[in-house]
Amino acid sequence: MTKFDVLTVGNAIVDIISRCDDSFLIDNAITKGAMNLIDAERAELLYSLMGPALEASGGSAGNTAAGIANFGGPAAYFGKVAEDQLGEIFQHDIRAQGVHFETQPRGTFPPTARSMIFVTEDGERSMNTYLGACVELGPEDVEPEVVAQSKVTYFEGYLWDPPRAKDAIRDCARIAHENGREVSMTLSDSFCVGRYRDEFLDLMRSGTVDIVFANKQEALSLYETEDFDLALTRIAQDCKIAAVTMSEEGAMIVRGTERVKVDAYPVFDVVDTTGAGDLFASGFLFGYTQGRSLEDSGKLGCLAAAAVIQQIGPRPMSSLKALAEKHGLL
């Protein structure tokens, strides 16, 4: 018996979201569309330069867990916050979504992670993340019974930045596989892939990871090619299942020699692309753990991604379950 459909493991981050124009990014040396790791001093500087901002709990895997719970699937989360105001916000928000979250907070320093996200007029988000307490996530935070009772354990590639998290992930993968469960990861960011390409490939080829999520640019970066068809062929050889998103072109799901193309859902107004990949993963994993086909799982992912980019913030503000029912997917 399983208690959870999906356990997600990630950096527990509170997003601070503000709008800006492209010149602001240029003037402040912010790489557009990327996740830029910053230190505490730069975090304070960027915060002082921000216009009016919205605070919303985020973190890639946290968003995915919230999405799964919003679909109606039981979800759990491991992630580290501090005993401070942002930590309390994060704990409240993820539990309010119905997600199991019992990771113990760590003191008051370093503080809870925060990401200053600047959203330009085209809806693109440029993230500037101070990891803070995130780097303290370690093997002692693994709840073995939760891993053993989760159909899929999913983690974000961003976790390869803080070193102790790697040990926690490997412990989770071992426990999951010992209990006949599966392990999934998202490549997170093409810059993240550039930093850890060899390690990510080893996780896949060694069987530590069964299911991989990526967007088109991350898949191309992983195999250092401009040939998308070749990247799809290679990733299908290296893992059990890969789900590769292609923005407005939808997604491609590959399993062995099988390829399933899923169309994107119409988007009438791109407000904020933060969380698009995270919510695609939530929809796909919800469908997959419910025994749905790769095509139906991909449709649920595309639907969730389309919903979240038409709002501010990375977590759904309306019922994904109701939306999926409206589209005949549930």
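Provided above is the structure to which this section pertains.
The notes below deal with the structure included here. (Residues numbered from 1 in each chain as written. Predicted model: local features only at pLDDT ≥ 70, side-chain atom pairs only at ≥ 80, totals over all residues. Heavy atoms only, no water.)

1. Focus on the packing of aromatic side chains
Note the cut-off: Between the rings of Phe, Tyr and Trp (Trp by its six-membered ring), a pair exists once the centres lie within 6.5 Å; its type follows the angle of the planes, with under 30 degrees stacked, over 60 edge-to-face, and the other angles tilted. By the criteria applied, helices consist of DSSP H or I runs no shorter than four residues and strands consist of E runs no shorter than two, each listed in order from the N terminus. Per-residue accessibility, obtained with a 1.4 Å probe over protein chains only, is compared with the maximum for each type, and a residue is labelled buried under 20%, exposed over 50%, and partly exposed between these values.
Within this structure, the stated rule accounts for 13 aromatic pairs. When the centroid spacing of 4.9 Å and the interplanar angle of 40° are considered together, the rings of phenylalanine 24 and phenylalanine 118 count as tilted. On the criterion of sequence distance, the pair formed by phenylalanine 24 in helix H1 (residues 22-27) and phenylalanine 118 in strand S6 (residues 113-119) is long-range, its members being 94 residues apart. For the residue pair phenylalanine 24 and phenylalanine 118, the accessibility class agrees, reading buried in each case. Pairing phenylalanine 213 with phenylalanine 284 gives two aromatic rings, centres 5.5 Å apart and planes at 80°, and the pair type is edge-to-face. In this pair, phenylalanine 213 is assigned in strand S10 (residues 211-215) and phenylalanine 284 in helix H10 (residues 276-289), connecting sequence segments 71 residues apart.

2. Quick word on the nonpolar core
Here is the rule we go by: Side-chain atoms within 4.5 Å link the members of a nonpolar core, which is a set of buried Ala, Val, Leu, Ile, Met, Phe, Trp, Tyr and Cys residues. Between two residues, a contact is recorded if the distance between any of their heavy atoms is within 4.5 Å.
Within the largest apolar cluster, 54 residues are counted, with the highest numbers of intra-cluster contacts made by Val9, Phe155, Phe200, Leu222 and Ile235. Excluding its chain neighbours within four sequence positions, the residues that come into contact with phenylalanine 200 are Gly157, Trp160, Met185, Leu187, Cys192, Val193 and Leu222.

3. A short note on the pairing of strand S12 (residues 251-255)
Just so we agree on the cut-off: At least two DSSP bridges between two strands are needed for those strands to be called paired.
Most of S12 is tucked away: 4 of the 5 residues are buried. Bridge count for strand S11 (residues 241-245) against S12 is 4 bridges, and the pairing is antiparallel. Counterpart to alanine 242 in the pairing with S12 is valine 254. Counting the residues in the hairpin turn of S11 and S12 gives 5 residues, including serine 247, whose phi is positive at 50°. Here S12 runs beside strand S13 (residues 258-262); their pairing, made up of 5 bridges, is antiparallel. Counted as the bridge partner of methionine 252 is lysine 261 from S13. Where S12 hands over to S13, the hairpin turn is made up of 2 residues, of which glycine 256 adopts a positive phi near 60°.

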